[in-house]
Structure formats: C-alpha cells, structure tokens
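Descriptive structure summary
Chain residues, written in single-letter form:
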Amino acid sequence: MVTKTREKLIEVARQLFANKGIENTTMNDIANASDKGRRTIYTYFKNKREIYDAVIERESEQLVMRLREVVALDLEPQEKLRRYLLTRFEIVDETVHHHDSALRSLFRGDFRRIDRIRRLAVAKERDLFDSIITQGVNAGVFDSEQASLIGDVETIIFQGVDYSHFRNNFSQIRTTPESLRVSVIDFIVNGLLKRCPT
C-alpha cells in the first residue's frame, strides 16, 4: 500500500508538472489531483523538490529498463551489442518525438531537466554496456584493448546523440538521425571486433 500510494503521488505530480509547469504546481494541487490529503503527501515527501526528484528518478529508470531487457537476451555478443545500441537510439527518439504528450511537455526544450535524467541513467547504462563488452571479450569476439577504451567513448558519443536529438540540429552537423544511427552502431561494433591476422 505504501509503495502504491507513493507511486500514485509521483504519477500525479508528473502529470501536473507537465501540464501546469513545475513552478506553477503546488502541494495542494498534487493533494487534490491524487485524492490524498497534504498530510499524506508530507508522509512521503518533504517538499515539492523531493517529488520532482522522484519524477526524474522514475523517468531515468524507465530509460534503462529496456536496455536491461536487451542485456538479458540470449544472443551472441556482437548481435547483443547491436541490439543494445539500436534500442538506445530508439529510446532517445521516442523520448523526444513519440512519447506521451505529458512527458514531451515536461521535458521539451528544457535541456537541464533532460540532462538530469540522463546523468542519473548514465551510471546504470554504463554497467549494462560494460557487461556486454565483457561478455564479448570473454567469448573472444571483442578485442580486449579496444574494449578497455570503448566505455568512455560510448558515453561521450551518446551525450552528443542525445543533444542532437533534443536540439534537432542534424542539418547543422550535416547528417540525418538515420545516418547517425547507422554510423555510430557500425563504428562501435566494428571497432571492437577482433581482427584476424593477415
């Protein structure tokens, strides 16, 4: 019951933040919309900032959930890595273009909020990415020297990918989202593959 009430408050706050704006949403608004009293809200959250932080944490966790599902698949490391990277591209595309209107309203044009969610997700993503790389090295598919470098490279690449999607600056960097997707996936996967001696 405790978790259910807390989750309901987070979802109600998320909707209100998206529709009214964070600054214009009060604790009374959240209480009224959730059919809970202010006292109940203060049982779970000290203030609106804590509720906002919980909304941000929840959004970051939802970004990572699909990546966890890919890591759990029974695939060869090379295919798993391709699927992981493709899913990562799909997540950012859906977040910017196709996600429900409330989330889009909450984050569109506010790079600081998006960046905050991304920073929370980065550490979780990195662990998942590293597990695929380790699997590939252990299977003899990925070059261990390249694997030791790729984690930092992947993080920086996706910060740029996220920025380009959120700013929609593809024409400025002379590419398209589709072309960028293919180039990044091929660059990372092909850069990791062990080369046969000639």
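First, a word on scope: everything that follows refers to the structure included in this document. (Residues numbered from 1 in each chain as written. Predicted model: local features only at pLDDT ≥ 70, side-chain atom pairs only at ≥ 80, totals over all residues. Heavy atoms only, no water.)

1. A few points about the nonpolar core
If you look at the biggest cluster of nonpolar residues, it comprises 29 residues, and the most contacted ones within it are L81, Y84, L85, F129, I133, I188 and L192. For this core, the secondary-structure elements that each account for two or more residues are α4 (48-71), α5 (77-98), α7 (111-138), α8 (144-167) and α9 (177-192). Ignoring any residue separated from it by four or fewer positions in sequence, one finds I133 in contact with L81, F142, A147, I150 and L192. In terms of nonpolar packing, the next biggest core, distinct from the first, is built from 17 residues, I30, F45, I51 and Y52 among them. (Core = buried A, V, L, I, M, F, W, Y, C linked by side-chain atoms within 4.5 Å. Buried < 20%, exposed > 50% of the residue type's maximum accessible area, 1.4 Å probe, protein only. Helix = DSSP H or I, 4+ residues; strand = E, 2+ residues; numbered from the N terminus. Contact = heavy atoms within 4.5 Å.)

2. A short note on α9
The end-to-end C-alpha distance of α9 is 23 Å, a good match for the 22 Å that 16 residues give at a rise of 1.5 Å each. Of the positions making up α9, those classed as buried are L180, V184, I185, I188, V189 and L192. Taken end-on, α9 shows its buried residues confined to a sector of 135 degrees, consistent with a single buried face. Away from its buried face by more than 90 degrees, α9 exposes E178 and F187. (Expected span 1.5 Å × (residues − 1). Arc of directions from axis to C-beta.)

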